[in-house]
Amino acid sequence: MLVRAHYTPVISATGLYTPPHSITNEELVASFNLYVELYNAEHAGAIEAGEVLALTPSSVEFIEKASGIKARFVVDKAGILDPAIMAPRIPERPNDELSILAELAVRAARQALEQAGRDPAQVDAVICAASNMQRAYPAIAIEVQAALGCNPEGFAFDMNVACSSATFGIQTAADFVRAGHASSVLVVNPEICSGHLNFKDRDSHFIFGDVGTAVLIEAEDRVANQPHWEILGTKLKTQFSNNIRNNFGFLNHTAPEGIGAKDKLFVQEGRKVFKEVVPMVAALILEHMESLGLEATDLRRLWLHQANANMNRLIAGKVLSHEASEDESPTVLDTYANTSSAGSIIAFHKNCDDLKSGDTGLICSFGAGYSAGSVFVRKVG
Ligand code: COA
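The shown structure was predicted, so the numbers you read here are calculated from the model rather than taken from an experiment.

A.B. asks: Tell me about the side chain of Ser31, and please be specific about residues and values.
C.D. replies: Within the element layout of this structure, Ser31 appears in helix H1 (residues 25-42). Excluding its chain neighbours within four sequence positions, the residues that come into contact with Ser31 are Ile80, Leu81, Pro83 and Met86.

A.B. asks: Please provide a residue-by-residue account of the environment of Pro88, values included.
C.D. replies: Summarising the element assignment, Pro88 is placed in the loop between helix H4 (78-81) and helix H5 (100-116). A residue is classified by how much of its surface remains accessible, and Pro88, at 12% relative accessible area, is buried. If we ignore the near neighbours within four places in the chain, the residues touching Pro88 are Asp76, Ile80, Ser194, Gly195 and Phe199.

A.B. asks: Which residues make up the UniProt feature "domain: Beta-ketoacyl-[acyl-carrier-protein] synthase III C-terminal" (unreviewed entry) in the protein, and what values go with them?
C.D. replies: With numbering matched to this structure, UniProt assigns "domain: Beta-ketoacyl-[acyl-carrier-protein] synthase III C-terminal" (unreviewed entry) to residues 290-378. A distance of 16 Å separates the end C-alpha atoms of residues 290-378, which is 30% helix and 25% strand.

A.B. asks: Talk me through the site of the ligand; I want residue IDs and the actual numbers.
C.D. replies: In the vicinity of the ligand, 19 residues are found, and the nearest of them are Cys163, Arg202, Gln268, Arg271 and Asn308. Here Arg202 contributes a backbone N or O atom positioned 2.8 Å from a nitrogen atom of the ligand. Between the ligand and Gln268, the relevant distance is 2.7 Å, taken from a nitrogen atom to a side-chain nitrogen or oxygen of the residue. Taking 970 Å² as the accessible area of the ligand by itself, protein coverage stands at 72%. Secondary-structure elements contributing two or more residues to the shell around the ligand are helix H3 (60-67) and helix H9 (270-292). No other element matches H9, which puts four residues into the shell around the ligand. When the residues that make up the shell around the ligand are grouped by side-chain class, the tally is 10 nonpolar, six polar and three charged.

A.B. asks: Could you give me a rundown of the pattern of salt bridges, with the residues and numbers involved?
C.D. replies: Taken as a whole, this structure holds 13 salt bridges when the rule is applied. The closest approach of N and O atoms between Arg135 and Glu143, which form a salt bridge, is 2.8 Å. According to the relative accessible area criterion, Arg135 is partly exposed, its value standing at 25%.

A.B. asks: Give a detailed account of the nonpolar core, specifying residues and quantitative values.
C.D. replies: If you look at the biggest cluster of nonpolar residues, it comprises 48 residues, and the most contacted ones within it are Val281, Ile285, Leu302, Ile315, Val319 and Phe366. At the level of secondary structure, the elements contributing two or more residues to this core comprise H1, H3, H4, H9, strand E11 (299-304), helix H10 (309-320), strand E12 (360-367) and strand E13 (371-380). If near-sequence neighbours (up to four positions away) are discounted, Leu302 is found in contact with Ala316, Val319, Leu320, Glu328, Ser329, Pro330 and Leu362.

A.B. asks: Tell me what's going on with the packing of H1 against H3, and back it up with residues and numbers.
C.D. replies: Contact geometry for H1 and H3: axes closest at 9 Å, N-to-C directions at 130°. Classified by the angle their axes make, H1 and H3 are oblique. The handedness of the crossing between H1 and H3 is right-handed. For the pair formed by H1 and H3, the contact residues are Asn25, Glu26 and Val29 on the first element and Val60, Ile63 and Glu64 on the second.

A.B. asks: Let's hear about H10: which residues, and what values?
C.D. replies: In an α-helix, one turn spans 3.6 residues; hence positions three or four apart end up facing the same way. Under the 1.5 Å per step criterion, the end-to-end length of H10 is 16 Å for 12 residues, consistent within 8% with the ideal 16 Å. Burial in H10 covers these residues: Met311, Asn312, Ile315, Ala316, Val319 and Leu320. Projection of H10 onto a plane perpendicular to its axis shows the buried side chains occupying an angular sector of 140°, all on one side. Turning to H10, the residues buried within the fold contact H9, E11 and E12. Residue Asn308 occupies the N-cap position of H10, its side-chain oxygen lying 2.7 Å from the main-chain nitrogen of Asn310. A positive backbone phi angle near 65° is found at Ser321, which sits one or two residues after H10.

Rules and cut-offs
- Residues numbered from 1 in each chain as written.
- Predicted model: local features only at pLDDT ≥ 70, side-chain atom pairs only at ≥ 80, totals over all residues.
- Heavy atoms only, no water.
- Helix = DSSP H or I, 4+ residues; strand = E, 2+ residues; numbered from the N terminus.
- Contact = heavy atoms within 4.5 Å.
- Buried < 20%, exposed > 50% of the residue type's maximum accessible area, 1.4 Å probe, protein only.
- UniProt positions renumbered as here; feature names shortened; annotations may be inferred.
- Near = heavy atom within 4 Å.
- Polar contact = N/O pair within 3.5 Å; in protein donor to acceptor, adjacent residues only side chain to side chain.
- Areas by Shrake-Rupley, 256 points an atom, 1.4 Å probe, with all protein chains shown as cover.
- Nonpolar A, V, L, I, M, F, W, Y, C, P; charged D, E, K, R; others polar.
- Salt bridge = Lys/Arg side-chain N within 4 Å of Asp/Glu carboxyl O.
- Core = buried A, V, L, I, M, F, W, Y, C linked by side-chain atoms within 4.5 Å.
- Axes fitted to C-alpha atoms, helices over the stretch in contact; angles between N-to-C directions.
- Parallel < 35°, antiparallel > 145°, perpendicular 65-115°, else oblique.
- Left-handed = near helix turned anticlockwise from the far one by under 90°.
- Expected span 1.5 Å × (residues − 1).
- Arc of directions from axis to C-beta.

Printed below as a string of structure tokens:
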């Protein structure tokens, strides 16, 4: 078969924008426990009478042991740590200002474009692939396309596959390149996860952080002799589950009593997610490897979705057939926590430069839906 370089998709660069504020587990737990103390004091009578359940404090030790998370970056620290608010306070911007989600995406995208030495006008398409869009329309991706100054003849749109959005976006971008619809596609993953996290929920208040990432997918002939990542194959899978869910949406105002209810934020059955997603993801990766003729020994590194260190240890172990070292399966959970779709891209961005030409690795994301995506890449140059 004739291989035409202008239809062969590669990853030419990635970008990362990290918000300036970090919250340690110690800080988060101190504010949560103060909230618990105030709540229990306020409801002391009702608790005593058995009408209200007393809240239980959180613990730094539990969080680190159960998840591997030690800190998280956030857009607004003060609101989250204020026991009277327990949520980020991000002022609404006027319509003629760049929206905050687009800003995170633009910052990450600029870094990717700079790394590739590409002018924004050379970008034909922008896909904003993230787990929460801050409005219904116009698409965040179109705002990013305009803010960057991308090809005005191009196109942009938003897509949401929760934590798996980045790999679903990469496959979509690669397909556009293969089909000749675009030669250069930016996939951006702005994630303000603190905006949909219930900081009053002991089971999950520690899980998420905020970040922006970007991946530039281009036709091979665009990268010339520059180092890049050949995309060996992509594979996606979904299987419906209510175990990770967020009911926030445009119909909420039609049942006003539901606005502000806990289910309008992130809710999960963490134990079930853990048990059900690990085998699903391991099977997807192993099937994908087999279809590409890859063996475990061919894999130099895994850049897995960053939700839970124990989950990653189990998945990496099943894929590699041995306990993975930090070098083989790096985690960024200690500093970034779970950043939804951006996690595997942060892991890749921060841990790919040392690989040599010919080294093969896997970018893999998974999460709500359930959904999972695998992208096998090989370094060139
Ligand atoms: N501080 C102290 N203890 C806590 C706590 C906290 N913040 N939260 C829960 N606990 C307690 C529970 O009450 C429970 O106590 P018990 O044994 O006395 O009943 C114990 O810790 C275990 O709770 P459990 O919820 O079963 O913990 P876990 O080991 O399953 O870890 C998660 C919780 C969420 C870290 C883990 O299930 C997970 O990561 N799951 C996958 C999540 C995921 O990937 N989601 C996708 C998001 S996109």
